[in-house]
Amino acid sequence: MMSGPQLLSPQQQVPRSLWSLLCMTTLLLSSIQLTIASSTTSSDDNNGGNKKDLSAGKLRQLAETALMERKFTDAESYYRQAISVEPTNSANHYKLYNLHKRMRSYGDALGDITTACELLEKNEDGNSSGKNKNKTMEYKRIKAKLLVNLGRCEDAVSEYKSLNEVNEDATNCAHVTNAALSAYQQSDWSSAIQHFGNVLTNYATLGDTPDLLYMKSQAEYNVGDYYGTISDTGKILKSYPQHLEAYQLRGEAYFRLNEMDMAQKHFREGLKLDPEHGGCKEGHRLLKKVTKNDKRGDAAFEKGEYKEAIGLWWGAMNVDIEHLAFVRPTLLKVVRAHLALKEYAKAEEECMKHVNNQESVEGLHLLGEVQSSAEKYQESLRSYQRALEIAPDDQKQHCKRKVEEAQVALKQSTEKNYYKILSVPRNAKLKEIKKSYRELALQWHPDKNTDNKEKAEQMFQDISEAYEVLSDKELREKYDRGEPVFENQGGGQQGQRHHMNPNQFFHQNFHQGGGQRQHHFRWG
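From a predicted model like this one, the values you see are computed outputs, not experimental measurements. (Residues numbered from 1 in each chain as written. Predicted model: local features only at pLDDT ≥ 70, side-chain atom pairs only at ≥ 80, totals over all residues. Heavy atoms only, no water.)

Novice: Pulling in residues and values, what's your account of the overall build of the protein?
Specialist: Looking only at helices and strands, the protein features 26 helices and 2 strands. A separation threshold of at least 6 residues defines the contact pool for the protein, and within that pool the share at least 24 residues apart is 49%. Looking at the protein as shown, the accessible area adds up to about 30,500 Å², and 49% of this sits on carbon and sulfur atoms. (Helix = DSSP H or I, 4+ residues; strand = E, 2+ residues; numbered from the N terminus. Contact = heavy atoms within 4.5 Å. Areas by Shrake-Rupley, 256 points an atom, 1.4 Å probe, with all protein chains shown as cover.)

What follows is the structure in structure tokens.
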């Protein structure tokens, strides 16, 4: 009976000499690995032992070396290790104070120097009483000066009192700070701004003064100095990036300046830190309500839905009608919508609200345009002249041209006014001019007005003449400058006649299809 296949041992599968060599190599590698592992473990143990065995003095030396190399985090770590070795040695805390001050971590620095003072006062660092007393006084003066620089002037005065000393800077700083706080509590915002500015400029010079800066920012907001608010809250957030109230106040300041994107950014940053923060939530809600209506109004205007646009813009303005940085430019958009609807009286009424609140070149120019469209040419000229008077130097030339155009419009109002004939504003586009011409030409075509043919012929001729001039870029520019538009014209437009047959002109302008077809109209 045959047995199954037999398994060979590794020795039987490989020649004996080669097998011996492989075994020796394996043993050698294992020995090397064990040696390396042992060496590494020993090294780690020695290093750990060295760290544990380092004296406070050696750790301070390592910290000083790291400090010279500007490795502040390493230096801080060494000083803290030194403190763990010698927790009652005030020198360790004083060294850490200097490091934190250099790192501009002034709150930590104040804690360090305070601890150093307390340790010296308890006389737990082993120094002789005389040296200990002198060092205590030295540290307390350092602490008092730091308190002044941080705007904590009352605390600084108390510190000097404990030394039986009076420091003029600390005393004056405390006096001004108290005046600032008193003005702030009484809502005397202008005085508060002045006193807080004095403290921050002359005494609290380190910049790590979030409470004083925040109160100054609030005062600036309440007097309408929104740029000041933005500047000071920005300083707070640079040092304290989780200061929720600073995010809220800065967002509200941007909102007041009508910088909606920046306002939204700050409200959202605050809500990231605290989704339930009431101030940021309310600010974000109002902002969305205003911007949503405003954008929808813009879209409606672009579609020619002017009444819808007016309603939406008023909805946005009524969220906060005292928000003038938003209301004033939005009111001018409302004026343009009324102007597009040819509601000239309403357009002028709304535009006067803008101008009466505060004159601006843009507002006066729009008022002049509305008045010209309403055929109030003298009033229009006065509006443009006033805009020229208040215009900054970089707008003078533009305003001067507007005045000249208004003077021409006034002169033409006593002659044949082509814009009036076609019932279009002076800034009408060619599409609007063509549309108005076709409507009026059809309305006044002599074939349609057999009962009043003489008047119809005159109107039809004037309409054709007006269209010929206003549809031609070169002729229109001449007309707008008050120059003669036809040869041998002279003496103004009054009494001049169109030099083209109006019926021929009519059929040419109602001709379609590149010469293939003409419209034929039957009346009656």
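Novice: Outline the layout of surface pockets, listing residues and values.
Specialist: Taken as a whole, the largest pocket spans an internal volume of roughly 720 Å³. In this structure, the largest pocket is lined by 22 residues; those nearest its centre are Tyr306, Ala340, Pro425, Ala428 and Glu432. Take the lining of the largest pocket: its biggest share by element is 6 residues, from helix H23 (residues 430-444). Its residues placed into classes, the lining of the largest pocket shows 10 nonpolar, 3 polar and 9 charged. (1 Å grid on protein atoms, 1.4 Å probe; cavity = no way out; pocket = protein on both sides within 12 Å on 5 of 7 lines; lining within 4 Å. Points joined across faces, edges and corners; volume = space filled by probe spheres on them. Nonpolar A, V, L, I, M, F, W, Y, C, P; charged D, E, K, R; others polar.)

Novice: Explain the nonpolar core residue by residue, including any values.
Specialist: Soluble globular proteins tend to bury their nonpolar side chains together. With 66 residues, the main nonpolar core has Tyr97, Ile113, Tyr139 and Leu146 as its most contacted residues. It is helix H6 (residues 106-122) that provides the largest number of residues to this core, a total of 7 residues. With residues near it in sequence (within four places) discarded, Tyr97 still touches Ala109, Asp112, Ile113, Ile142 and Leu146. Counting 22 residues, the second largest nonpolar core, distinct from the first, contains Ile421, Tyr437, Ala456 and Tyr467. (Core = buried A, V, L, I, M, F, W, Y, C linked by side-chain atoms within 4.5 Å. Buried < 20%, exposed > 50% of the residue type's maximum accessible area, 1.4 Å probe, protein only.)

Novice: Break down the state of the cysteines for me, citing the residues and quoting the values.
Specialist: A complete count under the given rule lists 1 disulfide for this structure. Bridging Cys153 to Cys173, the disulfide has an S-S length of 1.7 Å. Of this pair, Cys153 sits in helix H8 (residues 153-162) while Cys173 sits in helix H9 (residues 168-185); the two residues are 20 residues apart in sequence, bridging distant segments of the chain. Residue class for Cys153 comes out buried when judged on its relative accessible area of 2%. For Cys173, a relative accessible area of 0% corresponds to the buried category. (Disulfide = S-S within 2.5 Å.)

Novice: With reference to specific residues and values, describe the packing of aromatic side chains.
Specialist: Under the definition given, this model contains 10 aromatic pairs. Seen from their ring centres, Tyr221 and Tyr226 are 5.3 Å apart, and the 65° between their planes marks the pair as edge-to-face. The residues Tyr221 and Tyr226 share a single accessibility class, namely buried. Linked through ring pairs, Tyr94, Tyr97 and Tyr139 together constitute an aromatic cluster. (Phe/Tyr/Trp six-rings, centres within 6.5 Å; stacked < 30°, edge-to-face > 60°.)

Novice: Just give me the short version of the environment of Leu381, but keep the residues and values in it.
Specialist: One can find Leu381 in helix H20 (residues 377-390). Contacts of Leu381, omitting those with residues within four sequence positions, involve Val403, Ala406, Gln407 and Leu410.

Novice: Please give an account of unusual backbone geometry that cites residues and values.
Specialist: Residue Arg104 is not a glycine yet carries a positive backbone phi of 65°. Relative to the assigned elements, Arg104 resides in the loop between helix H5 (90-102) and H6. The backbone phi angle of Ser187 is positive, close to 60°, even though this residue is not glycine. Position of Ser187 relative to the elements: it lies in the loop between H9 and helix H10 (189-202).

Novice: How would you explain the pattern of salt bridges if you had to name every residue and give the values?
Specialist: For the structure shown, the criterion picks out 33 salt bridges. The salt bridge partner of Lys140 is Glu121, with a shortest N-O separation of 3.4 Å. Linking Lys140 in helix H7 (residues 129-149) with Glu121 in helix H6, this pair joins segments that are 19 residues apart in sequence. The shortest N-O distance in the salt bridge between Glu349 and Lys346 comes to 3.5 Å. Here the residue Glu349 and the residue Lys346 both occupy positions in helix H18 (residues 344-357), the gap between them amounting to 3 residues, near one helical turn. Residue class for Glu349 comes out partly exposed when judged on its relative accessible area of 40%. A relative accessible area of 32% means that Lys346 is categorised as partly exposed. Counted as one network, the salt bridges with shared partners bring together Glu121, Lys140, Lys143 and Glu159. (Salt bridge = Lys/Arg side-chain N within 4 Å of Asp/Glu carboxyl O.)

Novice: Go over the packing of helix H12 (residues 226-239) against helix H13 (residues 244-256), please, and point to the residues and values.
Specialist: It is at 9 Å that the axes of H12 and H13 come closest, and there the two elements cross at 155°. Between H12 and H13, the angle falls in the class roughly antiparallel. In the crossing of H12 with H13, the sense of the turn from one axis to the other is left-handed. Side by side, H12 and H13 meet where Tyr226, Thr229, Ile230, Thr233, Gly234, Ile236 and Leu237 of the first sit next to Ala246, Tyr247, Leu249, Arg250, Ala253, Tyr254 and Arg256 of the second. Partitioned by chemical class, the residues of the contact of H12 with H13 number 9 nonpolar, 3 polar and 2 charged. (Axes fitted to C-alpha atoms, helices over the stretch in contact; angles between N-to-C directions. Parallel < 35°, antiparallel > 145°, perpendicular 65-115°, else oblique. Left-handed = near helix turned anticlockwise from the far one by under 90°.)

Novice: Residues and numbers for helix H14 (residues 260-273), please.
Specialist: Within an α-helix, residues lying three or four positions from one another point in the same direction, as the helix has 3.6 residues per turn. Taking 1.5 Å per residue as the helical rise, H14 with its 14 residues ought to reach 20 Å, and the 20 Å between its terminal C-alpha atoms agrees with that figure. Of the positions making up H14, those classed as buried are Met260, Ala263, His266, Phe267, Gly270 and Leu271. Along the long axis of H14, the arc covered by the buried residues comes to 135°, so they all point the same way. More than 90 degrees from the buried face of H14, the exposed residues found are Asp261 and Lys272. Lining the buried residues of H14 we find H12, H13, helix H15 (278-302) and helix H17 (324-340). (Expected span 1.5 Å × (residues − 1). Arc of directions from axis to C-beta.)

Novice: Account for the packing of helix H11 (residues 210-222) against H12, with residues named and values stated.
Specialist: Close contact between H11 and H12 brings their axes to 8 Å; oriented N to C, the two are set at 165°. What the angle tells us is that H11 and H12 run roughly antiparallel. As for the relative orientation of H11 and H12, their crossing is left-handed in sense. Note on element contacts: H12 touches H11 through Tyr226, Gly228, Thr229, Asp232, Thr233, Lys235 and Ile236, opposite Pro210, Leu213, Tyr214, Lys216, Ser217, Glu220 and Tyr221. Residues belonging to the contact of H11 with H12 are distributed by class as follows: 6 nonpolar, 4 polar and 4 charged.

Novice: An account of the side chain of His365 is needed here, citing residue identities and associated values.
Specialist: Among the structural elements, His365 can be located in helix H19 (residues 361-373). Judged by relative accessible area, which is 11%, His365 ranks as buried. Leave out the neighbours within four places in its chain, and His365 touches Tyr384, Ala387, His398, Cys399 and Lys402.

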